[in-house]
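Report on the structure
Spelled out from the first residue to the last, the chains are:
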Amino acid sequence: EAEAVRLADLAGPGGTVELWAFESAPRRRAAEAKLAALKVTGRVRPAWKASREALAEVLGPGWGPGDRAQVICPAAFGHAARFRRELYPLPPGVSARILGPEAEGLVELRVEMLRRRRRASTAVIHSPVRRRRLPGGGGDGGGGGGGGGEVLSACGWRRWKRAGAEAWEVSEPWETPAEASLFAALEAVAECGAEGQGPYFGALALRLEGDWDEIDRDGWGRGLGEAFHEEIYFGALEALAEATGGVPGDRRLTPGKIVPEVARARTAQLRMRATELETAEASGPRLRSERLKPRDRGGVRREALEPEGWDRPPGAERVSQALARLGGAALPHARSVEGRKVEGRALPGLGEAVAVTGGQHGNEPTGVVGALRAARRLAAARIPCGVAPLENPDGWALYERLRGESGDWMHHAARYGALGADIAWVEGGEAAMRARLAEATGARLQISLHGYPAHEWTRPFTGYLPRGFEDWSLPRGAFLILRCRKEVEAEALAALEGAAAALNADAQLRALNRRQLARFRAAAPEAPLERIGDVPVIVQVGAETGPFDAVLITEMPDETVRGAPFRLMARAQAEAALGAATAWRAARPADGAPADAAAARRA
C-alpha cells in the first residue's frame, strides 16, 4: 500500500499506476482503493502465476464450450517452456506454444481468441521476471546447462505514467518485502561458515512471515506460502552445498535438519535459529493429530482400526500397532538418527518372498498405509513377504509437526532424514532395515511405495520448475519405475507389467490417470512418456538396487490428498504390490526353492 501511494504521488491526479506484488488479494484491493482515493487509475496484480491469473481475467466468466484460444509464449532463460508452464492448468479450449527468443522483464504473452459465432480478438497478458544470482554462487539457470549462477525469478514490478501520457514513465522490477526476506534467509545460510560434509547443526529453523497470495484452485497448489516453504528448504540445501564445495541436489549431503516455518502475518519478516541434534523424546511440540477430537485420535477415525479405513496420514504409533497385528516374526529394529525405531516383520507363506517398504520419504503418506495393506493382501494370498511400512520415522515426525503448523502442504522438508540426506543414500541407520528384510526373507524383489505432489510443484523464485526435480513438477497420475540388474530383467519386466495391469484394472484410478495425463500433455507436450495402458512407466536396467536384484517403485500423486482420494491411492499401492509380486514369482525359474525363504538365502 505504501508503494502504491508513493507511485501515485509521482503519477499525479489522472495518472496511471500498475503494480505486481506477492501480497494477498485483500491487501492488493486495499492498495487499489488508496489509488482511487488519490484520483489515480491503478491495478495491483498478483506476481505469482501472474500470466495464469491474467489469462483467466481475459477469457472472462463467459468462456465455455466452443470457445478456442492460443497463447503465444516467448522462450525463457534456463527453462525454455517456463512461461507456458506458468499457464498450468490451461483452461478448456486453450493451447499454448513457444515462439520467439528468450524474454525477461515484464514479459508479454499474446492471447489469440476465437469465440463462439466466430468472433476473433487478441489480448496481451504479462509475467514479471528478473534474473537473480543465487546465494552461494550456485545455479545454472535452472536447466542444468550453465548460466553462471543465475536463475529467472518471479518478481514484483511497478510502472506509472502521468495523465495523458502514452508511454510509461518508469517500468522496472520492484524488490517486494517477500522477496527481500526470502533471499536474506538464503544469503545468511550461504554465509554460515559451514565446512565439510556435515552435519553443521542439529536443526536449522527458518521462519518467514508475511501476508502473501494464497490462491487455492484445482491443480494450482496450496498457495504462495507453500511455495515459500519449498524455496526455503531446497534453497538452503543448495546454498549449503555450494558454500561447502558440494553439488546442489546431492542426496548424500548431511547438513542436518532444515525446518521451514512459514506463517501468515501482516508484515514480512525473517527469523532464524539453530539447535543441537534432537532426540525422539524432545522433537518439538505436540502434533495436530494428537490434539484431535476423541473420535479422530491419531489422524484416523476411531472406528477405522485397520489401514483399509484410513483416509489421511496416521500417527507413527498407529502404524506400529497395525504392523504388529499382521503377525509373523518381528525383525531386529533399526534406529533412526533421532533414536526412533524402524520396524519390520517377516510374514510366512509358500514359495519365494518379496519385500514391501513405505515411507522412505517422510512426506509421501499413502505408501506407509499402502505397505500395511499390501502385506495383508500378500499374506492372504500365501505369498511370504518382509514389510517395513515406515522407513523414515524422523521425517514422518517432522511431517506431522509441519502439518500441524501449516496444514496439508507438500512439506518436502520432511522428505529426508534428520541428517538432511535421503536415508537410502546414507549407510547404516534407517537404511539397515532393508538389508534385514533381504536377509530374513530371501527376497530379491523390493516393492518400494512412494508418492509425489498431487498438484503443480513450483519454485517461482529460483527458475519456476523445482531444480533437480523438473520431471516431478506436474501430476501425471499413478506411475511406476523399475530398476533392476541385467540378469533378472525378464522377471523384473514381468513384475512391472503385473503392477501396471493391476492399476489399469482399477476404474477409479484409471479415470484419475487420464485426467492428470491430459493436463500434463497440454502443459508439457515435449516430455517423453512411455506407458502401459494408462500407467506411465520408467525402466532403468543396470541401476542401483541395494540388497535386492530388482526394485519396483510405485509413485502416487498423494502428497496433499485426504479423504476418498487418499483411500483410493492407498488401495492402489496395495494392488500394485500384489500384482507385481504375483507376476515376479510366476516369471521366476522353478528351482524347487523351499518355503522357508531364510533357508533359501543360506543355501
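Described below are features of the structure shown in this document. (Residues numbered from 1 in each chain as written. Predicted model: local features only at pLDDT ≥ 70, side-chain atom pairs only at ≥ 80, totals over all residues. Heavy atoms only, no water.)

Below, the discussion takes up the pairing of strand β8 (residues 156-161). Looking along a regular strand, one sees side chains alternate from face to face of the sheet. The element β8 is extensively covered by neighbouring structure, given that 6 of its 6 residues are classed as buried. Because side chains alternate across β8, one face comprises the buried residues G156, R158 and W160, and the other comprises W157, R159 and K161, equally buried. Here β8 runs beside strand β9 (residues 170-174); their pairing, made up of 5 bridges, is antiparallel. The residue bridging G156 from the neighbouring strand is W174, located in β9. (Buried < 20%, exposed > 50% of the residue type's maximum accessible area, 1.4 Å probe, protein only. Helix = DSSP H or I, 4+ residues; strand = E, 2+ residues; numbered from the N terminus. Pairing = 2+ DSSP bridges.)

For helix α3 (residues 50-59), a buried count of 7 out of 10 residues is recorded, marking the element as mostly surrounded by other parts of the structure. Looking at α3, one finds that the buried residues are A50, S51, R52, E53, A54, L55 and L59. Just downstream of α3, G60 is the residue with a positive phi angle, here 80°.

Next up on the list: the sheet that holds strand β12 (residues 269-275). Strand order in the open sheet formed by 3 strands is β11-β10-β12, and the pairing between neighbours is mixed. Because the sheet does not close on itself, it has two edges, and the strands there are β11 (257-264) and β12. Taken over all neighbouring pairs, the strand axes of this sheet differ in orientation by 15° on average, direction set aside. Pairing geometry for strand β10 (residues 203-210) and β11, over 8 bridges, is parallel. (Axes fitted to C-alpha atoms, helices over the stretch in contact; angles between N-to-C directions.)

The next point concerns the packing of aromatic side chains. Under the definition given, this model contains 11 aromatic pairs. When the ring of F234 is compared with that of W457, the centres are 5.9 Å apart and the planes differ by 45°; the resulting orientation is tilted. With a gap of 223 residues between them, F234 in helix α6 (residues 224-243) and W457 in the loop between β19 (445-452) and β20 (479-484) connect regions that are remote in the sequence. Taken individually, F234 and W457 each receive the classification buried, so the pair is uniform in this respect. Ring centres of W472 and F479 lie 5.4 Å apart, and the angle between their planes is 40°; on these two criteria the pair is classed as tilted. For W472, a relative accessible area of 22% puts it in the partly exposed group. Here a set of aromatic residues connected by ring pairs shows up, and it is made of Y233, F234, W457 and F469. (Phe/Tyr/Trp six-rings, centres within 6.5 Å; stacked < 30°, edge-to-face > 60°.)

Strand pairing within a sheet occurs via backbone hydrogen bonds; the two strands may be parallel or antiparallel. Read across the open sheet, the 9 strands follow the order β13-β16-β18-β17-β19-β23-β20-β22-β21; overall the sheet is mixed. Two strands close off the open sheet at either side, each with one partner strand: β13 (329-330) and β21 (530-532). Pairing geometry for strand β16 (residues 345-347) and strand β18 (residues 385-388), over 3 bridges, is antiparallel. Directly across from L347, in β18, lies its bridge partner C385. Its contacts with the sheet place helix α8 (residues 365-380) against β16, β17 (354-358), β18, β19 and β23 (550-557), and it is angled at close to 155° to β17. (Contact = heavy atoms within 4.5 Å.)

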